[in-house]
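So you can see what is in the structure, the chains are spelled out below.
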Amino acid sequence: MLITGTSAGLGQGLAKIFHENGFIVYGTCRNPSRYPATAYTTLAMDVTNEKQVSEVVEHIFLREGRLDILVNNAGIGLASPTEIVGMDKLNVLFQTNVMGTVLTLKYVLPIMRGQGSGKIINISSIGSEIALPYRGLYCASKAAVNKINEALRMEIKSFGIQSTSILAGDMQTSINENRLTEIDQKEHPYTRDFQQVHRHINAEVSKGITVQEAAEKIWNISQSKKLRPSYSIGHPMQQLSLFIKRLLPGSLFEKIIAQYSGI
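Computed from a predicted structure; not experimentally measured.

A. Just helix α1 (residues 9–20), in detail. With twelve residues, α1 extends 17 Å from end C-alpha to end C-alpha; this agrees with the ideal 16 Å at 1.5 Å per step. Turning to α1, its buried residues number three or more, namely G9, L10, G11, G13, L14, A15, I17 and F18. The secondary structure elements touched by the buried residues of α1 are β1 (2–3), β4 (69–72), β6 (118–125) and α7 (211–222). Of the residues flanking the end of α1, it is G22, one or two places downstream, whose phi is positive at about 95 degrees.

Spelled out as structure tokens, the structure:
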């Protein structure tokens, strides 16, 4: 199996649990030499670099002759007022979260088609279904992953391949340290609200489920005979919010989310 983005966090947790359960795991990150050696194989791959993606997938196929599971995990966060986001950061966000997913699919799917089987697990977010203030662009990138998955499922079904999206809630990872932000102006009209929301975001991450919990849930999902279009994981209240959104009027739900976010 191939898991992208295994240098830390969920990707690392997934690589460990699949390895412990007998899978031949290939993880990827941009610079493996920066991290301690692992029991599974870690290869250098930037999901936005097509040459690297093609070479890594080819390397795995030449060594193993097959590829049974792909986990599209590599991703990055962004918190910013929509009005002032830098196009450079927006490009990094979509290149990583969306184009990186598509590039990996592009080179893995021919192998799975050839063997007539395979499972694809795309790591998305509960935020893909619930827009969050100052994280709308991140939510949009994960919503794009969901729609790609929904269409992909119909395209690959006849080849014996399945795919799903994992709508993940907050979990205790280093995403706070790695998240892109855009609000350096001290006197900007958005500054007060943004800083308040950003503190809330960081606090929620620290209260999230552990990587181990998330990895175990995804492991169990991967063993399902038939994958559903999506699964939500995270604190029960965050998962419940997906259901509540379908029940409440849009304006009321919006008010609840704004208050929850601290504005």
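B. Summary view of a nonpolar patch on the surface. Together, M237, L240, F243 and L247 line one region of the surface with nonpolar side chains, adding up to about 420 Å² of accessible area. For F243, the position within the fold is in helix α8 (residues 236–247). With relative accessibility at 42%, the residue F243 sits in the partly exposed group.

C. A look at the sheet that holds β4. The strand order β3-β2-β1-β4-β6-β7-β9 describes an open sheet built from seven strands, whose pairing is parallel. Two strands bound the open sheet, and with one partner strand each, they are β3 (41–44) and β9 (230–233). Examined bridge by bridge, β4 and β6 share four bridges and lie parallel to one another. What sits directly across from V71, in β6, is I121. Along the sheet face, α7 touches β6, β7 (161–168) and β9 and points at about 160 degrees away from the line of β9.

About the criteria used
Residues numbered from 1 in each chain as written. Predicted model: local features only at pLDDT ≥ 70, side-chain atom pairs only at ≥ 80, totals over all residues. Heavy atoms only, no water. Helix = DSSP H or I, 4+ residues; strand = E, 2+ residues; numbered from the N terminus. Expected span 1.5 Å × (residues − 1). Buried < 20%, exposed > 50% of the residue type's maximum accessible area, 1.4 Å probe, protein only. Contact = heavy atoms within 4.5 Å. Patch = residues over 30% accessible without salt bridge, like charges linked within 9 Å, V, L, I, M, F, W, Y side chains within 5 Å. Areas by Shrake-Rupley, 256 points an atom, 1.4 Å probe, with all protein chains shown as cover. Salt bridge = Lys/Arg side-chain N within 4 Å of Asp/Glu carboxyl O. Pairing = 2+ DSSP bridges. Axes fitted to C-alpha atoms, helices over the stretch in contact; angles between N-to-C directions.

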